[in-house]
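What follows is each chain in one-letter form.
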Amino acid sequence: MSVIKVPEADSAGWSCANCNVELTMQHVELEYLDSLFNVELPACPQCGIVLIPETLALGKMNQVEHLLEDK
C-alpha cells in the first residue's frame, strides 16, 4: 500500500510533551469509517503519539471525512 505524503506536515520545531524528544516523520495508519490510510506524519519516536497539523485536520482530512460520510 502506498504512503500519502502531506507537504504541509512538518516535524521541525515540534517535540513530544510526554517524552521530551523531537518528533520525526513516520508512516502511520489513520482509520475512519472502515477506511484505512497510510500517511507520513510527525510522530514521537518513543511513545508514537502523532501530530496532525491544524491545516491538515481542517483541510484535506475534513474533505475526505465528508466524502466518506456521503457514501
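Structural data are supplied above this passage.
These numbers were taken from a predicted model, which means no experiment stands behind them.

**Q** Quick question: what am I supposed to make of the nonpolar core here?
**A** Across soluble globular proteins, you tend to see nonpolar side chains buried next to one another. Listed in full, the seven residues of the largest apolar core are Val-6, Ala-9, Val-28, Leu-30, Val-39, Leu-41 and Leu-56. Looking at this core, the elements with two or more residues in it are β2 (24–32) and β3 (35–43). Counting residues in each nonpolar core, the second largest holds five residues, with Cys-16, Val-21, Leu-23 and Cys-44 among its members.

**Q** Please explain the pairing of β3 as it appears in this structure.
**A** Note on strand geometry: in a regular strand, side chains alternate between the two faces of the sheet. For strand β1 (residues 4–5) and β3, the ladder comprises two bridges, and the chain directions are parallel. If you follow Lys-5 over to β3, its bridge partner there is Glu-40.

Cut-off values and rules
- Residues numbered from 1 in each chain as written.
- Predicted model: local features only at pLDDT ≥ 70, side-chain atom pairs only at ≥ 80, totals over all residues.
- Heavy atoms only, no water.
- Core = buried A, V, L, I, M, F, W, Y, C linked by side-chain atoms within 4.5 Å.
- Buried < 20%, exposed > 50% of the residue type's maximum accessible area, 1.4 Å probe, protein only.
- Helix = DSSP H or I, 4+ residues; strand = E, 2+ residues; numbered from the N terminus.
- Pairing = 2+ DSSP bridges.

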